[in-house]
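If you want the building blocks of each chain, they are given just below.
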Amino acid sequence: MIWQLSVLACLGEFGGVLSGLVGVGGGIIFVPALIYVAGWSIEQAAAASFVVIFFAALSSILRNTSGESPVDWKAAALLSAAIVPSSLIGVVINRVVPGTVVKIAFAVLLLTLAYPIAVRGRSDRSSARSKLHPALVLLAGAGIGALSGLAGAGGGVVIVPLLVLGLGLRLKVAVATSLIVVLFTSVVSVGGYVATGFHRFPILVPLVVGAVLGAWFGVRLRDRTLDTPLQIGFALFMVIVASQLFIDATNIL
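What counts, and where the lines are drawn
- Residues numbered from 1 in each chain as written.
- Predicted model: local features only at pLDDT ≥ 70, side-chain atom pairs only at ≥ 80, totals over all residues.
- Heavy atoms only, no water.
- Helix = DSSP H or I, 4+ residues; strand = E, 2+ residues; numbered from the N terminus.
- Contact = heavy atoms within 4.5 Å.
- Axes fitted to C-alpha atoms, helices over the stretch in contact; angles between N-to-C directions.
- Left-handed = near helix turned anticlockwise from the far one by under 90°.
- Expected span 1.5 Å × (residues − 1).
- Bend = angle between axes of the 7 residues up to and from the residue.
- Buried < 20%, exposed > 50% of the residue type's maximum accessible area, 1.4 Å probe, protein only.
- Polar contact = N/O pair within 3.5 Å; in protein donor to acceptor, adjacent residues only side chain to side chain.
- Parallel < 35°, antiparallel > 145°, perpendicular 65-115°, else oblique.
- Nonpolar A, V, L, I, M, F, W, Y, C, P; charged D, E, K, R; others polar.

Caption draft 1: Looking closely at the environment of Arg-222. By the element assignment, Arg-222 lies in helix α9 (residues 205-223). Sequence-wise, Arg-222 and Val-175 are 47 residues apart; in three dimensions their C-alpha atoms are separated by 9.3 Å. Once residues lying within four places of it in the same chain are set aside, the contact partners of Arg-222 are Gly-20, Leu-21, Asn-64, Ser-69, Lys-172, Val-175, Ala-176, Leu-179 and Leu-230.

In structure tokens, the structure reads:
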């Protein structure tokens, strides 16, 4: 039992660092941690993940108030309006759509967006930032919200590219803004899962403590990292996540 709590705390800290550094909720770490370390089912892990994501995102946001990356509140409000309600749809159909379908679709989306994110920094130096029509951003946000509710992830790994490629935000601003959307999404999703019977909170304490501490460090690390290396690193992170999702979905390994 002690080793489980220790491992969960370490994984929570790692997920928290990712949350603060690149604006993801950390669900891609928290869900596997609860499945493989605590022995939970995917449904229980997805529900619990949002509890940890809430505290990780909140810690990142509080640390960000004294950081160098401002939040774009207009963009945060626009995406929250689309993603937060649609995350409940994902919660509702969690037991209907096969997990394999969700994982493969998510992986394809990440791989599609990785290259544009990697080259964004270079193109921005010589050209104006392109934007999508707000209606398209809202539509994409609704899809992200549904996927988030299904998979137990805050959606930051896709929200950040949407903010950069769709709304023309700098990556660090997109990361800070993403955390606001992730926070709101986690609150609504936790409420949805609690309403459907989830109540296993005590074992989440090590994950929450680790995530809070890790997120604080992640924001500090982000402030000290240049934009271009951060963009390339985020693109590589997207490829790694997509590869892992594809492997899990197809049982290749």
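This is not the end of the story, as more comes after the structure.
Caption draft 2: Summary view of the packing of helix α3 (residues 42-64) against α9. Packing of α3 against α9 brings their axes to within 8 Å, and their N-to-C directions diverge by 35 degrees. Between α3 and α9 lies a crossing of right-handed hand. Mapping the contact onto sequence places Val-52, Phe-55, Ala-56, Ser-59, Ser-60, Leu-62, Arg-63 and Asn-64 in α3 and Leu-207, Val-208, Ala-211, Val-212, Ala-215, Trp-216, Val-219, Arg-220, Arg-222 and Asp-223 in α9.

Caption draft 3: Up close: helix α4 (residues 73-92). An ideal rise of 1.5 Å per residue puts 28 Å on 20 residues; α4 measures up with 29 Å between its terminal C-alpha atoms. Largest kink in α4: about 35 degrees, centred on Ser-80. Residues of α4 that are buried: Ala-75, Ala-76, Leu-79, Ser-80, Ala-82, Ile-83, Val-84, Ser-86, Ser-87, Gly-90 and Val-91. Sitting at the head of α4, Asp-72 places a side-chain oxygen 3.3 Å from the backbone nitrogen of Lys-74.

Caption draft 4: Just the packing of helix α2 (residues 27-36) against α3, in detail. Closest axis-to-axis distance for the α2/α3 pair is 8 Å, and the angle between their directions is 135 degrees. Here α3 runs oblique to α2, going by the angle between their axes. Considering only the axes of α2 and α3, their crossing is right-handed. Mapping the contact onto sequence places Gly-27, Phe-30, Val-31, Leu-34 and Ile-35 in α2 and Ile-42, Ala-45, Ala-46, Ala-48, Ser-49, Val-52 and Ile-53 in α3. Across the contact of α2 with α3, the residue classes break down as 10 nonpolar, 2 polar and no charged.

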